[in-house]
Amino acid sequence: MKLVSVVVPCYNEEDVLHMFYEEITKVTGEMAKEHPELEFEYLFINDGSKDKTLEIFHELADKDDRVRFISFSRNFGKESGMYAGLKNAKGDYVVVMDADLQHPPSFLPQMYNFVKDGEYDCATTRRVNRKGESKVRSWFAMKFYKIMNKISQTEIVDGAQDFRFMTRQMVDAILEMSEYNRFSKGIFSWVGFKVKYLPYENVERAAGTTSWSFWGLFKYSLEGIMAFSTAPLAIASMLGIISCAIAFILMIVTIVKTIIFGDPVAGYPTTICVIFLLSGLQLFCTGILGQYLAKTYLETKHRPIYIASETEELYRSKKADAEKK
Ligand code: UDP
Ligand code: MG
């Protein structure tokens, strides 16, 4: 028998969870019929939701033994949710998908077909368009992928998503990367392996709202750049060389003007401008350095990536105890 773990990070998903459960069990039921070797477990992660997400996990766990869950002590972010899921999944294959049905479960049978014979280690979807997304957002996303792929050795595929069907081997490789600042798009690509991209048209969220603001996404993209490239650090050296060259030319021009043409050395305003420009550049470069230093600082603390306050095991044993009494 082969076990497939379906990992689903959830943050305030009370509106869609029942719908999601119906869909996923329907699809996996059909898959189990077609491939009798398959068994499934559903591993839900409650990322510190403020709504009834955890209560719904309890309901699902009561009626279905295949449902497992981990509930975080607070919101740690989707990256931590995925890490917790991968770490605790017991399957020979692991699927990571969103709860909002933007990652349609109907893709799973196709994905399994690519992975089952060992031809591929991972099957994932790739957005072919950005329908339903604002123009500004699409523009920034496009620029991000362009810059990222220019300055980083790790290829980040435009439109690639966190919807993945992976083999145990690939999951173990991802878990080896135990960094605190996690940027999954980079991590998935960094570990390598053979990946099959399935084209996919963007689907709207089934219900609820996205937890990503524009600013949040922008910060996330900077995180990504810092996690997988050190190019910004080189900016300081580049700017340094350029301003030295300009200073040298200016020096020669001033000397020549004074000695040969006898022009008086003047220019209080220009001096002020230059001082402002250069000190601005210096602060900018120190800022970049500071960002990397901050990341290094957080990494060296070796804080846990997530903290669980409840799991299905704990919930079930508590319930069994209560029933005995
Ligand atoms: N998510 C999470 N923790 C967070 C934010 C989001 O676990 O702090 C989950 C969320 O429940 C969903 C998935 O990550 O299953 C994707 O989130 P969302 O749909 O808000 O993002 P989008 O699809 O707009 O990128
Ligand atoms: Mg979504």
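Residues numbered from 1 in each chain as written. Chains lettered and ligands numbered in written order. Predicted model: local features only at pLDDT ≥ 70, side-chain atom pairs only at ≥ 80, totals over all residues. Heavy atoms only, no water.

**Brief notes about the site of ligand 1**
Piece 1. Taken together, 16 residues are adjacent to ligand 1, and E13, D47, D100, Q102 and T210 come closest.
Piece 2. Between ligand 1 and Y11, the relevant distance is 2.8 Å, taken from an oxygen atom to a main-chain nitrogen or oxygen of the residue.
Piece 3. Q102 places a side-chain nitrogen or oxygen 2.7 Å from an oxygen atom of ligand 1.
Piece 4. Surface burial for ligand 1 is 86%, taken as the share of its 530 Å² of free accessible area covered by protein chains.
Piece 5. When the residues that make up the shell around ligand 1 are grouped by side-chain class, the tally is five nonpolar, five polar and six charged. (Near = heavy atom within 4 Å. Polar contact = N/O pair within 3.5 Å; in protein donor to acceptor, adjacent residues only side chain to side chain. Areas by Shrake-Rupley, 256 points an atom, 1.4 Å probe, with all protein chains shown as cover. Nonpolar A, V, L, I, M, F, W, Y, C, P; charged D, E, K, R; others polar.)

**Some remarks on the coordination of the magnesium ion (ligand 2)**
Piece 1. Here the magnesium ion (ligand 2) is held by the protein donor atoms D100 (OD) and Q102 (OE1), which lie 1.9 Å from it.
Piece 2. When its relative accessible area of 23% is taken as the criterion, Q102 is described as partly exposed. (Donors = N, O, S within 2.8 Å, 3.2 Å for Na, K, Ca; no water. Buried < 20%, exposed > 50% of the residue type's maximum accessible area, 1.4 Å probe, protein only.)

**Here we look at the sheet that holds strand β6 (residues 160-167)**
Piece 1. Across the sheet, eight strands lie side by side as β7-β5-β6-β4-β1-β2-β3-β8; this open sheet has mixed pairing. Only two strands of the sheet have a single partner each, and these edge strands are β7 (195-200) and β8 (308-311). Going from strand to strand, the sheet's axes swing by 20 degrees on average, the running direction of each strand aside.
Piece 2. The sheet contact formed by strand β5 (residues 122-127) and β7 spans six bridges and is parallel. Within β7, the position partnered with C122 by the bridge is V195.
Piece 3. Here helix α4 (residues 108-116) sits on the sheet in contact with β2 (38-46), β4 (93-96), β5, β6 and β7, set at roughly 50 degrees to β6.
Piece 4. Running over the sheet, helix α11 (residues 312-324) touches β3 (67-72) and β8 and is turned about 55 degrees from β8. (Pairing = 2+ DSSP bridges. Helix = DSSP H or I, 4+ residues; strand = E, 2+ residues; numbered from the N terminus. Axes fitted to C-alpha atoms, helices over the stretch in contact; angles between N-to-C directions. Contact = heavy atoms within 4.5 Å.)

**Some words on the confidence of the model for the protein chain**
Piece 1. Mean pLDDT over the protein chain: 87, with 99% of residues reaching 70 or higher.
Piece 2. The least confident element of the protein chain is helix α9 (residues 231-259), whose mean pLDDT is 83; the most confident is β4, at 95. (pLDDT = per-residue confidence, 0-100.)

**Some points on a nonpolar patch on the surface**
Piece 1. On the surface, V136, W139, F140, M142, F214, W215, F218 and L222 cluster together into a nonpolar patch covering about 780 Å² of accessible area.
Piece 2. Contributions of two or more residues to the nonpolar patch are made by α5 (135-151) and α8 (214-228).
Piece 3. Take W139: it is sitting in helix α5. (Patch = residues over 30% accessible without salt bridge, like charges linked within 9 Å, V, L, I, M, F, W, Y side chains within 5 Å. Salt bridge = Lys/Arg side-chain N within 4 Å of Asp/Glu carboxyl O.)

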